[in-house]
Amino acid sequence: MTNLDTVGLHEFMQRRKTLFCYSGPLTEELLTTISNPVRHQLTENETPEAIANRVFGVFIEQAQNIIRYSSQKTRAAGDSVGTIAISYIDDTFLIEAVNQISSTQKSALEKTLLELSLKDQKDLRKLYRQRLKDGPPEDSKGAGLGFIEMARRVKRFEFDFNDSEDNPMFVYRGWVE
Amino acid sequence: MRFEKTQRTPLVEMSNSHCLIVGECYPENISEWSQPVLAALEDCVGTQDSFDVDIELYYFNSSSAKFLFDFFEFLDDKADEGVSIVVNWRYRAEDDTMQEAGEDFEEDIENCTYNLVEAEPADA
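Read on for a plain summary of the structure. (Residues numbered from 1 in each chain as written. Chains lettered and ligands numbered in written order. Predicted model: local features only at pLDDT ≥ 70, side-chain atom pairs only at ≥ 80, totals over all residues.)

## Digging into the nonpolar core
Inclusion rule: Defined on buried residues, the nonpolar core groups Ala, Val, Leu, Ile, Met, Phe, Trp, Tyr and Cys residues joined through C-beta atoms within 7 Å. Labels follow a simple rule on C-beta atoms placed from the backbone: if 20 or more others lie within 10 Å of a residue's own, it is buried; if 12 or fewer, it is exposed; otherwise it is partly exposed. The helix count covers DSSP runs of H or I at least four residues long, the strand count covers runs of E at least two residues long, and both are numbered beginning at the N terminus. By definition, residue pairs are in contact when their C-beta atoms, positioned from the backbone, come within 7 Å.
Core analysis: the largest hydrophobic core is formed by 68 residues, its most contacted members being V55, F56, F59, A63 and I95 of chain A together with L75 of chain B. Sort the elements by how many residues they give to this core and helix α3 (residues 49-69) of chain A lands first, with ten residues. Not counting chain neighbours up to four residues away, the residues in contact with L75 of chain B comprise V45, V53, I85, V87 and C112 of chain B.

## Examining the sheet that holds strand β4 (residues 156-162) of chain A
Residue and element names in this part refer to chain A. As a reminder of what qualifies: What makes two strands pair is DSSP finding at least two bridges between them. Each axis is a line fitted through C-alpha atoms, taken for helices only over the stretch in contact, and angles between the N-to-C directions span 0 to 180 degrees.
Here five strands make up an open sheet; going across it, the order is β1-β2-β3-β5-β4 and the pairing antiparallel. Strands at the two margins of the open sheet, each flanked by one partner only, are β1 (18-26) and β4. Mean inter-strand twist for the sheet, computed between neighbouring axes without regard to direction, equals 10°. As paired elements, β1 and strand β2 (residues 80-89) share eight bridges and run antiparallel to each other. Directly across from T18, in β2, lies its bridge partner S87. Against the sheet, α3 touches β1, β2, β3 (92-100) and β5 (169-176), its axis set at about 5° to β3.

Put into structure tokens, the structure is as follows:
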């Protein structure tokens, strides 16, 4: 067990100022359970309610993306596996999510997020309303609004695909301040 | 009719003349939660000449936005048919997210009277 560096894990989380992290199978039931401590953590730093709501909003969308789209499933229940974390660094919240996706999902996701990253708040707002009217795109299990919603709530976001294995890992980071 | 508040769904109270929605909305399964609410709305609106709606949400997720859109679309159609409908979208002071959301829905409403109302701050 020596290579399982438990103290190192603790120190790593402390050092990167991660106030909440979950890694493993994620379900809507579990999301209900972890929502409360997440909310609680967000009020710890006397965060203004509007900011806390924005962080919480991005967190919920990221969690539901993992639940809906992660291609890594548990063997028995088929639950989606992913990692989600909230950190608080220099008065800025960082909300991160990582999950495996299929290579077919990758190109559509990349295109969507590239387009969103080029839009300003006014355009994002317009796009959100348009998408509400038009309904979800065919490949969406939600309303197709999640990434637009997140882009509206964050100061900036980054995304990445870690292609080291057959199935790419999708990484999304959003900063709220 | 009353739909009790849960951790992830708001309180909904519905009568023939009034609908009240208060709380947070990010249900585990949006259609499972919203279908009975929309069905109740269909039963209530139009039984009298007028219908008032008070909505005060503190957070809703993107899946719930579609429910709210359908909710307002139904009300606007009913108002077009002649029911006098007033919608009060309440948001807490400084909650710009919910204020913007209220403004977004307002843009698609043509036939209801729609008011954006700044509500008391948190825990009031």
